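This is what each chain is made of:
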Amino acid sequence: MADFRLTRMVGAACTGFLRKAIALMLVGALIACSPVFRNHGYVPADDELAKIEVGVDTRESVGEKIGRPSTSGLLNDEGWYYVQSRYRHFGPREPQEIERQVVAVTFDSSGRVENIARFGLEDGKVVEISRRITQTNIKGLGLIRQLLGNFGRIQAGDVL
């Protein structure tokens, strides 16, 4: 009779522990699958951009008012580009860009502000990258087949 009570007490304790462990695992799984957001870059706010006067401010005054950007014109130093992106990570999936803002401050030839424009993710365009790959003139031959194919062509006179 005592053995039966002890078995019953141990079984009840294990069941309670098992329930707690399962509940803890479910809570952990829910926390692991919650989305994580990351922000990259900097874009000045509208009130900061209102301080810039088109045709009056220069590169130096823009740098003092809103700061210098991390990106400028690539081919010519015609404009400054402030870029900010927001990414969403969800579990094991790859990060997805959910928001992007680009503020472009362009300058004329004398270095004065010509235009200020704000663009979003919806304004972007997909650009196809040209992949130029050099094609070989050997078709259907692998490296080992090429190496082994040279054994019959070697003559004793060529080696000496």
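Quick summary incoming for the structure in this document. (Residues numbered from 1 in each chain as written. Predicted model: local features only at pLDDT ≥ 70, side-chain atom pairs only at ≥ 80, totals over all residues. Heavy atoms only, no water.)

### A few points about the pattern of salt bridges
And step 1. By the definition in use, this model includes 3 salt bridges.
And step 2. Note that K65 is salt-bridged to D57, the shortest N-O span being 3.0 Å.
And step 3. Relative accessible area serves as the criterion here: at 33%, K65 is assigned to the partly exposed category.
And step 4. Judged by relative accessible area, which is 7%, D57 ranks as buried. (Salt bridge = Lys/Arg side-chain N within 4 Å of Asp/Glu carboxyl O. Buried < 20%, exposed > 50% of the residue type's maximum accessible area, 1.4 Å probe, protein only.)

### Points about the pairing of strand β4 (residues 96-107)
And step 1. Two elements, strand β3 (residues 79-89) and β4, share 10 bridges in a ladder whose sense is antiparallel. Looking across to β4, one finds that Q84 is bridged to Q101.
And step 2. Hairpin connection from β3 to β4: 6 residues lie between these consecutive antiparallel strands, with G91 at a positive phi of about 60 degrees.
And step 3. As paired elements, β4 and strand β5 (residues 113-120) share 7 bridges and run antiparallel to each other. Counted as the bridge partner of Q101 is G120 from β5.
And step 4. Between β4 and β5, which pair antiparallel and follow one another directly, the connecting turn spans 5 residues, one of which, G111, has a positive phi of 90 degrees. (Pairing = 2+ DSSP bridges. Helix = DSSP H or I, 4+ residues; strand = E, 2+ residues; numbered from the N terminus.)

### Let's talk about helix α3 (residues 59-66)
And step 1. Among the residues of α3, those classed as buried are R59, S61, V62, G63 and I66.
And step 2. Elements in contact with the buried residues of α3: α2 (46-49), β3, β4 and β5. (Contact = heavy atoms within 4.5 Å.)

### Re the pairing of β3
And step 1. Across 6 bridges, strand β1 (residues 36-41) lies against β3 in antiparallel orientation. Bridged to V36 within β3 is H89.

### Brief notes about a nonpolar patch on the surface
And step 1. A cluster of nonpolar side chains, L143, I144, L147, L148 and F151, forms an exposed patch at the surface whose accessible area comes to about 600 Å².
And step 2. In this structure, L147 sits in helix α4 (residues 143-149). (Patch = residues over 30% accessible without salt bridge, like charges linked within 9 Å, V, L, I, M, F, W, Y side chains within 5 Å. Areas by Shrake-Rupley, 256 points an atom, 1.4 Å probe, with all protein chains shown as cover.)

### Quick word on the packing of aromatic side chains
And step 1. Applying the stated criterion across every chain, the model contains 2 aromatic pairs.
And step 2. Centroid distance Y42 to Y82: 6.2 Å. Interplanar angle 80 degrees. Geometry classified as edge-to-face. Here the residue Y42 occupies a position in the loop between β1 and α2, and Y82 occupies one in strand β3, the gap between them amounting to 40 residues.
And step 3. An angle of 75 degrees between the planes, with centres 5.3 Å apart, marks the rings of W80 and F107 as edge-to-face. With W80 in strand β3 and F107 in strand β4, this residue pair connects regions lying 27 residues apart in the sequence.
And step 4. On the accessibility criterion, W80 (4% relative accessible area) is buried.
And step 5. The buried category is assigned to F107, whose relative accessible area is 2%. (Phe/Tyr/Trp six-rings, centres within 6.5 Å; stacked < 30°, edge-to-face > 60°.)

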